[in-house]
Amino acid sequence: MNFFNLFQKPDIDQGIREYESESGAVLLDVRTPGEYREGHISGSKNVPLQSLEGIGAVADKKDTPVFVYCYSGSRSRQAVSILQRMGYINVKNIGGIASYTGKVVR
């Protein structure tokens, strides 16, 4: 990784493509329930950052591929760190829905 990669934001559109190609993967939205209701990516599961202890309801195995997003990518970055400390080994921050160019569900 070079110095400039530190400032590169994840590409949520690419992350969604990866999620869709990964069998058994979970698309995790860590925003608040209110934000989720305002618009989310189809197929995503809402487990707010403050409630990640409930992740087992949507990803009960620690090796489940989990693709995490929020509004801007900040909370999803925090969530990935928390999930890794919880023992999840296949988690990826795909960024923020604010940059998503696909259709959202309202």
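Before any of the text, the structure's been laid out above.
From a predicted model like this one, the values you see are computed outputs, not experimental measurements. (Residues numbered from 1 in each chain as written. Predicted model: local features only at pLDDT ≥ 70, side-chain atom pairs only at ≥ 80, totals over all residues. Heavy atoms only, no water.)

1. Focus on the sheet that holds strand S4 (residues 66-70)
Neighbouring strands of a sheet are bound in pairs by backbone hydrogen bonds; such pairs are parallel or else antiparallel. The strand order across the open sheet formed by 4 strands is S3-S1-S4-S5, and the pairing between neighbours is parallel. Looking at which strands have only one partner, the edges of the open sheet turn out to be strand S3 (45-46) and strand S5 (91-96). With respect to the sheet, helix H1 (residues 12-21) is in contact with strand S1 (26-29), S4 and S5, its orientation differing from that of S5 by roughly 140°. Contacting S1, S4 and S5, helix H3 (residues 74-85) crosses the sheet at an angle of about 145° to S4. (Pairing = 2+ DSSP bridges. Helix = DSSP H or I, 4+ residues; strand = E, 2+ residues; numbered from the N terminus. Contact = heavy atoms within 4.5 Å. Axes fitted to C-alpha atoms, helices over the stretch in contact; angles between N-to-C directions.)

2. Here's the deal with the environment of Gly24
Structurally, Gly24 can be placed in the loop between H1 and S1. Dropping the residues within four chain positions of it, Gly24 is found in contact with Thr64 and Pro65.

3. Description of the pattern of salt bridges
Per the stated rule, a full pass over the model turns up 3 salt bridges. Glu18 is paired through a salt bridge with Lys92; the nearest N and O atoms lie 2.5 Å apart. Of this pair, Glu18 sits in helix H1 while Lys92 sits in strand S5, placing them 74 residues apart in sequence. Residue class for Lys92 comes out partly exposed when judged on its relative accessible area of 35%. In this structure, Glu35 and Arg75 form a salt bridge, with 2.8 Å as the shortest nitrogen-oxygen distance. A residue pair is termed long-range when its members are at least 10 positions apart, and Glu35 in helix H2 (residues 33-38) and Arg75 in helix H3 qualify at 40 residues. Residue class for Arg75 comes out partly exposed when judged on its relative accessible area of 22%. (Salt bridge = Lys/Arg side-chain N within 4 Å of Asp/Glu carboxyl O. Buried < 20%, exposed > 50% of the residue type's maximum accessible area, 1.4 Å probe, protein only.)

4. Brief notes about the pairing of S5
Buried residues dominate S5, accounting for 5 of its 6 residues. One crossover worth recording links S4 to the parallel S5 by way of H3, and it is right-handed. (Right-handed = clockwise from strand over helix to strand, strands pointing away.)

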